[in-house]
Amino acid sequence: MKKTDWYKDAIIYQIYPRSFCDGNKDGLGDIPGIISKLDYLKELGVNCVWLSPVYDSPQEDNGYDISNYRDIYKPFGTLDDFKKMLSEMHKRGIRLIMDLVVNHTSSEHKWFKEAIKDKNSPYRDYYIIKKGRKNGAKAPNNWSGFFGEKAWERIGDSEDYYLHLFAKGQPDLNWENPKVREEVKDILRYWLDLGVDGFRCDVITLISKDQRFKSVFPTIAIAGHQYYVNGPRLHEYLHELYTDVYANYDCMTVGETVLSTLDQAKDLVLPERQELSMIFNFDHTDTDNHFGVKYFYKKFDVRKLKKVVNKWQQGLHGCGWNSLFIENHDQRRSVGRFGTDDKELREVSAKMLGTTYFFLQGTPFIYQGQEIGMTNGDFQSINDLQDVEAHNIYNLSRKVKILKPFVDKTLFNVTRDNARTPMQWDNSEFAGFSDVEPWLKVNSNKDAINVNESLKNEDSIFHYYQKLISFRKGNEIIKDGEYIDLLKHHKHIFAYKRKLGDKEVVVISNFSNKPVLNKLVNQFDNYEIVLSNYKTHSDVLKPYETRVLINY
Ligand code: TEU
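Residue positions are given per chain, counted from 1 along the sequence in the order it is written. Local features in this predicted model are restricted to residues of pLDDT 70 or higher, and side-chain atom pairs are both shown and tallied only at a pLDDT of 80 or more, whereas totals for entire chains, interfaces and linings draw on every residue. Calculated side-chain values reflect all of the structure's heavy atoms, with hydrogen atoms and water omitted.

Novice: Could you give an account of empty space enclosed by the protein, with specific residues and numbers?
Specialist: Only protein atoms enter the 1 Å grid used here, on which a cavity is any set of points holding a 1.4 Å probe that cannot leave and a pocket is any open set flanked by protein within 12 Å on both sides along at least five of seven lines; residues with an atom within 4 Å of a point are listed as lining. Grid points are joined across faces, edges and corners, and a volume is the space filled by probe spheres set on the points. For the coordinates displayed, the defined rule picks out 4 cavities of 30 Å³ or more. Volume-wise, the largest cavity comes out at about 280 Å³. Considering the residues around the largest cavity, the lining is formed by 19 residues, among which H284, V309, F325, Y357 and L360 are closest to the centre. Contributions of two or more residues to the lining of the largest cavity are made by α9 (302–316), β14 (321–324) and α10 (346–358). Secondary structure elements are taken from DSSP: a helix is a run of H or I of four residues or more, a strand is a run of E of two residues or more, and numbering for both begins at the N terminus. Looking at the lining of the largest cavity, the element that brings in the most residues is α9, giving 5 residues. Each residue belonging to the lining of the largest cavity can be placed in one class, and the counts come to 13 nonpolar, 6 polar and no charged. The calculated volume of the second largest cavity comes to roughly 80 Å³. As for the second largest cavity, its lining consists of K8, D9, I11, R472, K473, G474, N475, E476, I478 and K479. If one sorts the elements of the lining of the second largest cavity by residue count, helix α15 (residues 476–480) sits on top with 3 residues. Under the scheme applied, nonpolar residues are Ala, Val, Leu, Ile, Met, Phe, Trp, Tyr, Cys and Pro; charged residues are Asp, Glu, Lys and Arg; polar residues are all the others, including Gly.

So this is what it looks like as structure tokens:
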């Protein structure tokens, strides 16, 4: 087996299975539904899929709480359906990467059930279980988790607590225990032997916890993270997975590196360290909030975005591989975000955003629906929301009054359910996603925004994405060229150059809804415009105009 860098040429499409396509018409997306849409993905031009979790799960966090790593959640289909999907993907030249959720399991996993039932069970040490302070009256420390809750849950009326950095139904695994690491390796081999091509590693930077389990002062959002983000043994664990498993397969891994700095990320992707193939960093999705907390909304400023992009593009160039994304199942929709418009100027906005991120260095990811410019959900009440995070934060804000104004103002705009509304295939009652009422409300704009319309209209966002993909595929300048920010301080224009030898690709994007004049535009008069979201061009950049120019 020869290990290759195929992932550097991948264009990856993320599928969130419950919201993609409902094959058996029960209101929930499923694997047969995915199979029925593979020709659509082929037509778009992507060559890899990242599938959010399809494993057996009680679905407290929509599958990010796994109760059996070797089987499929029944409403999504069977293992045979999975095998068929994989082979149909491979037939079409589409690889598949699975979501690997091994920071935690579900509390319904048999390991956890054994662990809490019996203090002497060998599974007790699979989890992080500690004696509470004051004979169990207080949690072992004051850490809080990511979903607005305390990070410890008491086990019955015993003195012991288990750690859960996410929902209560997501107990953290104890990676200090070598048996846990062997279990993870077995799971990896199981799926790789079935033929999958790699893994998107959920919150992988949280797996190693500082064993002192110290409290922190003062407590701010996500208290304690300094003791478990990029913890002391993280690199050792990842290298162990690499040498014992990944080294034997031509597979790739992309790590979700929540809260990692550039220097920390470099150590994860430096090829000679043999840890991960690439990482997702979130600095750019934090450009419109304070302290990395999405509820503390901040007005977007493209200068901040340029600074962050410049830092990561230059920082990783020649060191390790990056990933590129503007949406995923945890983020609100990109159109209408990053200073753009999701109403009258939706189409030009979506094309401009797509262009701006697509030609950076790294592997581009497209989240389902992004390619047709799907917008945030039209939620009116907390009852319209399904996400455990949204409900937890909402409940917390009813108890901690200081949070109420922030949550009331931002919840519908930032909730993860915005990205999870059913995929809009056509203008039928449930948008062609299903024939029955889906698990989450269909966006009422499905008559105007849907795949059918996009396929018919040659100027659609979908057809524009096809062009982005085909221009990028095989383009060595975009793959390997250096990144040069051309207008660091301009408050509306994001312009950069990718350069390899004397060949250049230049991207100029106007992040404003107004025309903008700048002399930079004339500097490239002798370059050829190969892609743009407008048909005519002048010295003035039109609202949200983008241009891609080449000199070769
Ligand atoms: O997300 C990790 C993560 O940090 C997010 O919870 C993020 O903080 C939040 O979505 C911001 O609103 C991963 C998965 O992508 C997410 O869907 C899971 O809920 C989470 O891990 C737990 O597995």
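Novice: An account of α9 is needed here, citing residue identities and associated values.
Specialist: Take the number of residues in a helix, subtract one, and multiply by 1.5 Å to get its expected span. Between its first and last C-alpha atoms α9 spans 21 Å; for 15 residues at 1.5 Å apiece the expected length is 21 Å, and the two agree. By definition in these notes, contact holds between two residues if any of their heavy atoms fall within 4.5 Å. Taken together, the buried residues of α9 touch α8 (262–269), β11 (278–280), β14, β16 (482–485) and β17 (493–500). Taking the backbone nitrogen of R303 as reference, a side-chain oxygen 2.9 Å away marks D301 as the first, capping residue of α9. G318 occupies a position one or two residues after α9 and carries a positive phi of about 80 degrees. We call two N or O atoms a polar contact when they sit within 3.5 Å, provided that within protein one can donate a hydrogen and the other can accept it, with sequence-adjacent residues counted only if both atoms are side-chain atoms.

Novice: For the site of the ligand, give the residues involved together with the corresponding values.
Specialist: Nearness here has a simple test: a residue counts as near a molecule or strand if at least one of its heavy atoms is within 4 Å of that partner. For the ligand, the set of nearby residues contains 18 residues, the closest of which are D61, D202, K294, D330 and E389. Between the ligand and the protein, one listed contact pairs an oxygen atom with a side-chain N or O atom of R416 at 3.0 Å. For the ligand, whose free accessible area comes to 490 Å², the fraction covered by protein is 91%. Here the shell around the ligand is composed, by residue class, of 6 nonpolar, 3 polar and 9 charged. Each accessible area value is a Shrake-Rupley result obtained with a 1.4 Å probe; residue values ignore everything except the protein chains displayed when judging cover.

Novice: Now, about helix α7 (residues 234–244): what can you tell me, with residues and values included?
Specialist: Here's how the labels work: a residue is buried when its accessible area is under 20% of the maximum for its type, exposed when over 50%, partly exposed in between, all with a 1.4 Å probe on protein chains only. Every buried residue belonging to α7 is among L234, Y237, L238, E240, L241 and Y242, and all of these are buried. Where α7 is buried, its residues contact α6 (178–194) and α8.

Novice: Hey, could you go over the environment of Y242 for me, with residue numbers and the actual values?
Specialist: Relative to the assigned elements, Y242 resides in helix α7. Here the alpha-carbon distance between Y242 and C48, two residues 194 residues apart in the chain, equals 21 Å. Setting aside residues no more than four positions away along its own chain, Y242 makes contact with K3, A247, Q274 and E275.

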